[in-house]
Amino acid sequence: MALLTTSGDTRRAWIAAGQALQRVLLHASAHGVSAAFHTQALEMHHLREFLRQELCSGQYPQMVMRLGITFDQHAAVRRSLPDVVD
């Protein structure tokens, strides 16, 4: 689990968080690591504030994600190209 935080909760901080998230995801992808996002708690003000006070040392939580390697060898089920393109 990873928690991305910022020192403020302004538009500038949101952009910085997005840029940091981009770097994390690119680095993870380059090393075969997948990410799953769990932002539901951040969408509710009282839960976000609880996380900020209890887990983030006053920092503002911007993204909660799970990072890991999957070992599923099955290919994704995909429709054939002629089925989706005219």
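This structure is a prediction, so every number in the text was calculated from the model and none was measured.

### Let's talk about the environment of Gln62
Residue placement: Gln62 occurs in strand β3 (residues 60-68). Under the relative-accessibility criterion, Gln62 is labelled buried at 18%. Residues Gln62 and Leu21, spaced 41 residues apart in sequence, show a C-alpha to C-alpha distance of 9.5 Å. Apart from residues no more than four positions distant in its own chain, Gln62 is found in contact with Leu4, Thr5, Thr6, Gly8, Asp9, Trp14, Ala17, Leu42 and Arg48. For Gln62, the side chain forms a polar contact with the side chain of Thr6, separated by 2.9 Å.

### What about the sheet that holds strand β2 (residues 34-37)?
The strand order across the open sheet formed by three strands is β1-β3-β2, and the pairing between neighbours is antiparallel. Of all the strands in the sheet, just β1 (2-6) and β2 have a single pairing partner and so form its edges. Pairs of neighbouring strands in the sheet enclose a mean axial angle of 35°, with direction left out of account. Pairing of β1 with β3, which is carried by five bridges, proceeds in the antiparallel orientation. Pairing of Ala2 across the sheet is with Met65, part of β3.

### Some thoughts on the pattern of salt bridges
Here the structure, examined in full by the defined rule, presents two salt bridges. With a shortest N-O distance of 3.0 Å, Arg48 and Asp9 are connected by a salt bridge. Pair noted here: Arg48 is in helix α2 (residues 45-54) and Asp9 is in the loop between β1 and α1 (11-30), with a separation of 39 residues, a long-range link. On the basis of relative accessibility, which here comes to 30%, the residue Asp9 falls in the partly exposed class. As a salt-bridge pair, Glu49 and Arg52 come within 3.1 Å of each other at their nearest N and O atoms. Of the two residues, Glu49 and Arg52 both sit in helix α2, three residues apart, roughly one turn of that helix. A relative accessible area of 28% means that Glu49 is categorised as partly exposed.

Criteria and cut-off values
- The residue numbering used here restarts from 1 in each chain and proceeds along that chain's sequence as written.
- Reporting of local features is limited, given that this is a predicted model, to residues whose pLDDT is at least 70; pairs of side-chain atoms are given and counted only at 80 or more, and all residues count toward the totals for whole chains, interfaces and linings.
- Hydrogens and water molecules were not included; the side-chain quantities draw on all heavy atoms of the structure.
- Secondary structure elements are taken from DSSP: a helix is a run of H or I of four residues or more, a strand is a run of E of two residues or more, and numbering for both begins at the N terminus.
- Here's how the labels work: a residue is buried when its accessible area is under 20% of the maximum for its type, exposed when over 50%, partly exposed in between, all with a 1.4 Å probe on protein chains only.
- Any pair of residues with heavy atoms lying within 4.5 Å of one another is described as a contacting pair.
- Nitrogen and oxygen atoms within 3.5 Å of one another constitute a polar contact, given that in protein one can donate a hydrogen and the other can accept it, and given that sequence-neighbouring residues count only through two side-chain atoms.
- Two strands make a pair as long as DSSP finds a minimum of two bridges between them.
- For every element, the axis is a line fit to its C-alpha atoms; helices are fit only across the contacting stretch, and the angle between N-to-C directions ranges from 0 to 180 degrees.
- Salt bridges are identified by distance alone: a Lys or Arg side-chain nitrogen within 4 Å of an Asp or Glu carboxyl oxygen.

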